[in-house]
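Okay, here's what each chain looks like letter by letter:
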Amino acid sequence: MKRVDQNLSTIKENIAKACEKSGRDPEKITVIAVTKYVTTERAIEALNAGIKDLGENRDQEFMKKYEIIGKKAIWHFIGTLQTRKVKNIIDKVDYIHSLDRLSLAEEINKRASKKVSCFIQVNVSGEESKHGLSVDETIPFVKKLADFLHINVVGLMTMAPHVNDENILRNCFRSLKQLQLQIQKLQLPYAPCTELSMGMSNDYTIAVEEGATFIRIGTSLVGE
Ligand SMILES: *Cc1c(COP(=O)(O)O)cnc(C)c1O
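What counts, and at which threshold
Residues numbered from 1 in each chain as written. Predicted model: local features only at pLDDT ≥ 70, side-chain atom pairs only at ≥ 80, totals over all residues. Heavy atoms only, no water. Helix = DSSP H or I, 4+ residues; strand = E, 2+ residues; numbered from the N terminus. Rg over C-alpha atoms; globule rule 2.2 N^0.38 Å. Contact = heavy atoms within 4.5 Å. Areas by Shrake-Rupley, 256 points an atom, 1.4 Å probe, with all protein chains shown as cover. Lys, Arg positive; Asp, Glu negative; His and termini not counted. Charge placed at Lys NZ, Arg CZ, Asp CG, Glu CD. Axes fitted to C-alpha atoms, helices over the stretch in contact; angles between N-to-C directions. Parallel < 35°, antiparallel > 145°, perpendicular 65-115°, else oblique. Left-handed = near helix turned anticlockwise from the far one by under 90°. Near = heavy atom within 4 Å. Polar contact = N/O pair within 3.5 Å; in protein donor to acceptor, adjacent residues only side chain to side chain. Buried < 20%, exposed > 50% of the residue type's maximum accessible area, 1.4 Å probe, protein only. Nonpolar A, V, L, I, M, F, W, Y, C, P; charged D, E, K, R; others polar.

Draft legend 1. A look at the overall build of the chain. Tallying secondary structure elements over the chain gives 9 helices and 8 strands in all. In terms of C-alpha radius of gyration, the chain reaches 17 Å, essentially the compact-globule figure of 17 Å for 224 residues. Along the three orthogonal principal directions, the C-alpha set of the chain runs to about 45 × 40 × 30 Å. Considering only contacts in the chain between residues 6 or more positions apart, those separated by 24 or more positions represent 55%. For the chain, the exposed area adds up to about 11000 Å²; of that, 48% sits on carbon and sulfur atoms. Considering the chain, the positive charge centre built from 32 side chains and the negative charge centre built from 29 side chains are found 3 Å apart.

Below, the structure written as structure tokens:
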């Protein structure tokens, strides 16, 4: 397995190129190391390489790593979140990327002791296998969150379809950006929606070109 610091420097070079192409500032992009496939030791190697943000998609695996790493990382919960699991993770994670239904918002609001930074997960491509709200459902959903004092909608998250066609990927990310701009226009105090969580190992350079502020990288950073 390649060293994380070597993988990270390749990824940073690619981010720099994508930023140059699109006139963006690389400082605005946070790399989340998705450690769901790898050991706690490998996650620590990522932190030692300069990564500050870790992403996990299952509560048990997250808890296992959290017990050892704790507050030395910024934690992102990126997976489908079952309502009954919320109480286990809520005061430990820094961001939830998978808010996709009202019942989940209710549970987060009820269990949290402070504001939680949430991304609304949007299924831009409309694939049946993917979680998330449709583009059309997203704004009505955001409006319904007004009374949830513990929910802060920091941004939108999507997973692009698993294809190599650059146009399909780019259109997916562009649609998410458009939706973000529409939500920002509403000027809802609980939904600043300044962030876009999009881009994974095979598509992050396109996501950066299209405005990602958080990219979630597993395979090409820490391995699978
Ligand atoms: C696994 C996962 C990733 C990372 O995927 P790679 O292709 O390994 O980079 C990113 N986001 C989510 C939601 C994931 O579940």
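Draft legend 2. How the structure looks around the packing of helix α2 (residues 40–48) against helix α3 (residues 59–69). Running from amino to carboxyl end, α2 crosses α3 at an angle of 55°, the nearest separation of the two axes being 10 Å. By the angle between their axes, α2 is oblique relative to α3. Every pair of crossing elements has a handedness; the one defined by α2 and α3 is right-handed. Residues Thr40, Ala43, Ile44 and Leu47 of α2 lie in contact with α3, whose contacting residues are Lys65, Ile68 and Ile69.

Draft legend 3. The arrangement of the site of the ligand in detail. Taken together, Val34, Lys36, Tyr37, Ile78, Met157, Met159, Met200, Ser201, Arg216, Ile217, Gly218 and Thr219 make up all the residues around the ligand. One of the side-chain nitrogen or oxygen atoms of lysine 36 is found 2.6 Å away from an oxygen atom of the ligand. Here an oxygen atom of the ligand and a side-chain polar atom of threonine 219 are 2.5 Å apart. Compared with its free state, where it exposes 390 Å², the ligand has 92% of that area covered by protein.

Draft legend 4. Layout of unusual backbone geometry. Even without glycine at this site, glutamine 187 takes up a positive phi of about 50°. Along the chain, the position of glutamine 187 falls in the loop between α7 (166–186) and β7 (195–197). The exposure class assigned to glutamine 187 is exposed, which follows from its relative accessible area of 69%.

Draft legend 5. Spotlight on the packing of helix α6 (residues 135–143) against α7. Where α6 contacts α7, the two axes come as close as 11 Å, and the packing angle between them is 25°. Here α6 lies roughly parallel to α7, going by the angle between them. When the axes of α6 and α7 are compared, the crossing they make is right-handed. Along its contact with α6, which presents Val135, Thr138, Ile139, Val142 and Lys143, the element α7 presents Leu179, Gln182, Ile183 and Leu186. When grouped by side-chain class, the residues that make up the contact of α6 with α7 number 6 nonpolar, 2 polar and 1 charged.

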